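Listed below, chain by chain, are the residues.
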Amino acid sequence: MSSKGRVRERVERLSAYVPGEQPSSSDVVKLNTNENPYPPSPAVARALRELDVEALRRYPDPACGKLCRRLAELHGCAPENVFVANGSDEVLALATRAFVEDDGTIGFFHPSYSLYPVLAAIRGVAGRPVELGPAFEWRDPPGGDALFFLANPNAPTGMLHDRRTVETFCRAHGGVVIVDEAYVDFAEADCMDLALGLENVLVARTLSKSYSLAGLRLGYAVGHARLIEALLKVKDSYNVGAPAQALGLAALSDLGHMRRNAERIKTSRRALSDALARRGWTVCPSETNFVWAGPAALPARALFERLRERGIFVRHFPGERTGAFLRISVGTDGDVGRLLAAVNEIESEAKP
Ligand code: PMP
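Residues numbered from 1 in each chain as written. Predicted model: local features only at pLDDT ≥ 70, side-chain atom pairs only at ≥ 80, totals over all residues. Heavy atoms only, no water.

Check the secondary structure of the protein and you find 12 helices and 12 strands. For 352 residues, the compact-globule formula gives about 20 Å, and the C-alpha radius of gyration of the protein, at 21 Å, lands near that figure. Dimensions of the protein, computed from the C-alpha atoms along their principal axes, are close to 60 × 55 × 50 Å. Partitioning the contacts of the protein with sequence separation of at least 6, the portion at a separation of at least 24 is 71%. (Helix = DSSP H or I, 4+ residues; strand = E, 2+ residues; numbered from the N terminus. Rg over C-alpha atoms; globule rule 2.2 N^0.38 Å. Contact = heavy atoms within 4.5 Å.)

Structure (structure tokens):
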């Protein structure tokens, strides 16, 4: 039976977001989805063991009260300034529901997180990409968008936009700005003070990267109580399950674990960036847990495929601005060593 006429035309036409591959074999070096190579805090393992299975017959706290209080304490604000979500992706999706009229537009840089244009298309409003400069540096957006998604540090470039530039933009922008700080724990600066000081700014954060909890699906937003209230109105009733709330609290009780891992990753990031630069690659200055770099000896796509044949997964985004680069998540030093050895082999073979 044909489904023609049942699925909305806009959905039929939609190019869905393409997540990185999750190979079933564990015998791969997985550097394609910016996961943390180190396990979450032992406090999370403990909380998992102590989960009361019987209590799962009840619905979770719809407002994630304990988590809101803990996050408010962490960021020096009130619980009314915090919204907890099923991953920070949910914050982004709900923002398109809460802050954009049907004739409004959603702005974002290009290249940036490839989910942004998809969210605009799902919401059925125009997405307005703003091309970054030739070295992926800041360009002033024209303004006028109901919502602007600003990944900082940016993905997939890994680069951090200057905090003052972001502040000037936020102050001039009439609509809501979501500063998407998914990778900020690996960066030297953040914009949390803008979310707490300006009425139109939300900062979105996640426990997926620095806290090693991508599988848990937990993210949050911080900002003005009126914006937070709007997100609460449009969310699903029970958007975060009880296990995620309990394990998230445990992770947030051990910030030291997260910070130590972030430091290890930053050290490995420097080693990886330096090694690639020595090979003649174009390496963007990374403030994230991945490196955005253009290979020298053969095209990025070819290298991506040759690495994949060897069980080493990195990410390649076809396209005029992105096609010459690979996004390589920073793994353990062992992972980085295997990647560099494979690159060495492949590039040597490619030499005429
Ligand atoms: N923002 C950016 C820039 C990302 O790269 C990601 C990860 N794909 C997310 C948000 C979403 O993270 P999560 O939903 O796991 O919190």
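Now, onward.
Quick look at the packing of aromatic side chains now. A complete count under the given rule lists 14 aromatic pairs for this structure. Pairing Phe109 with Phe148 gives two aromatic rings, centres 5.4 Å apart and planes at 75°, and the pair type is edge-to-face. Taken together, the residues Phe109 in strand 3 (residues 105-110) and Phe148 in strand 5 (residues 147-151) connect sequence positions 39 residues apart. Each member of the pair, Phe109 as well as Phe148, is classed as buried. Taking 5.0 Å as the distance between ring centres and 85° as the angle between the ring planes, the aromatic pair formed by Tyr183 and Phe290 counts as edge-to-face. With Tyr183 in the loop between strand 6 (176-180) and helix 7 (192-197) and Phe290 in strand 10 (residues 290-294), this pair connects stretches of sequence that are 107 residues apart. (Phe/Tyr/Trp six-rings, centres within 6.5 Å; stacked < 30°, edge-to-face > 60°. Buried < 20%, exposed > 50% of the residue type's maximum accessible area, 1.4 Å probe, protein only.)

Looking now at the pairing of strand 7 (residues 201-206). Counted residue by residue, strand 7 has 6 buried out of 6 residues, so it is predominantly covered. Here strand 7 shows a buried face lined by Val201, Val203 and Arg205 and a second buried face lined by Leu202, Ala204 and Thr206. The pairing of strand 6 with strand 7 spans 4 bridges and is parallel. By the bridge assignment for strand 7, Val177 is matched with Val201. Following the chain from strand 6 across helix 7 to the adjacent parallel strand 7, one finds a crossover that is right-handed. (Pairing = 2+ DSSP bridges. Right-handed = clockwise from strand over helix to strand, strands pointing away.)

What the rule picks out here adds up to 21 salt bridges. A salt bridge links Arg70 to Glu73, with the shortest nitrogen-to-oxygen separation between them at 2.6 Å. Here Glu73 and Arg70 lie together in helix 3 (residues 65-75), a separation of 3 residues that amounts to about one turn. In this structure, Arg279 and Glu347 form a salt bridge, with 2.7 Å as the shortest nitrogen-oxygen distance. (Salt bridge = Lys/Arg side-chain N within 4 Å of Asp/Glu carboxyl O.)

Turning our attention to the packing of helix 11 (residues 300-309) against helix 12 (residues 333-350). Their axes nearest at 10 Å, the elements helix 11 and helix 12 cross at an angle of 120°. By the angle class used here, helix 11 and helix 12 are oblique. Crossing hand, helix 11 versus helix 12: right-handed. When helix 11 is examined against helix 12, the residues Leu303, Arg306 and Leu307 are found in contact with a partner set consisting of Leu339, Ala342, Val343, Ile346 and Glu349. Residues belonging to the contact of helix 11 with helix 12 are distributed by class as follows: 6 nonpolar, no polar and 2 charged. (Axes fitted to C-alpha atoms, helices over the stretch in contact; angles between N-to-C directions. Parallel < 35°, antiparallel > 145°, perpendicular 65-115°, else oblique. Left-handed = near helix turned anticlockwise from the far one by under 90°. Nonpolar A, V, L, I, M, F, W, Y, C, P; charged D, E, K, R; others polar.)

Bringing the site of the ligand into the picture now. Inspection of the region around the ligand gives Gly87, Ser88, Asp89, Tyr113, Asp180, Ala182, Tyr183, Thr206, Ser208, Lys209 and Arg217 as its neighbouring residues. At 3.0 Å, a backbone N or O of Asp89 approaches an oxygen atom of the ligand. Here an oxygen atom of the ligand and a side-chain polar atom of Ser208 are 2.6 Å apart. Starting from 400 Å² of accessible surface for the ligand in isolation, the protein chains cover 92%. Across the shell around the ligand, the residue classes break down as 3 nonpolar, 4 polar and 4 charged. (Near = heavy atom within 4 Å. Polar contact = N/O pair within 3.5 Å; in protein donor to acceptor, adjacent residues only side chain to side chain. Areas by Shrake-Rupley, 256 points an atom, 1.4 Å probe, with all protein chains shown as cover.)

Residues Ala43, Val44 and Ala47 constitute the buried set of helix 2 (residues 42-49). Here the buried residues of helix 2 occupy an arc of 100° about the axis, which is enough to place them on one side. The backbone nitrogen of Ala43 lies 2.9 Å from a side-chain oxygen of the residue at the head of helix 2, namely Ser41. (Arc of directions from axis to C-beta.)

With respect to topology, 7 strands assemble into an open sheet ordered 2-8-7-6-5-3-4, the strand pairing being mixed. Where the open sheet ends on each side, the last strands, each with one partner, are strand 2 (82-85) and strand 4 (126-131). For this sheet the average axis-to-axis angle between neighbouring strands, irrespective of direction, equals 20°. Against the sheet, helix 3 makes contact with strand 2, strand 7 and strand 8 (219-223), and its axis sits at roughly 125° relative to strand 2, the strand it touches most. Running at roughly 160° to strand 5, helix 4 (residues 88-99) makes contact with strand 2, strand 3, strand 5, strand 6, strand 7 and strand 8 of the sheet.

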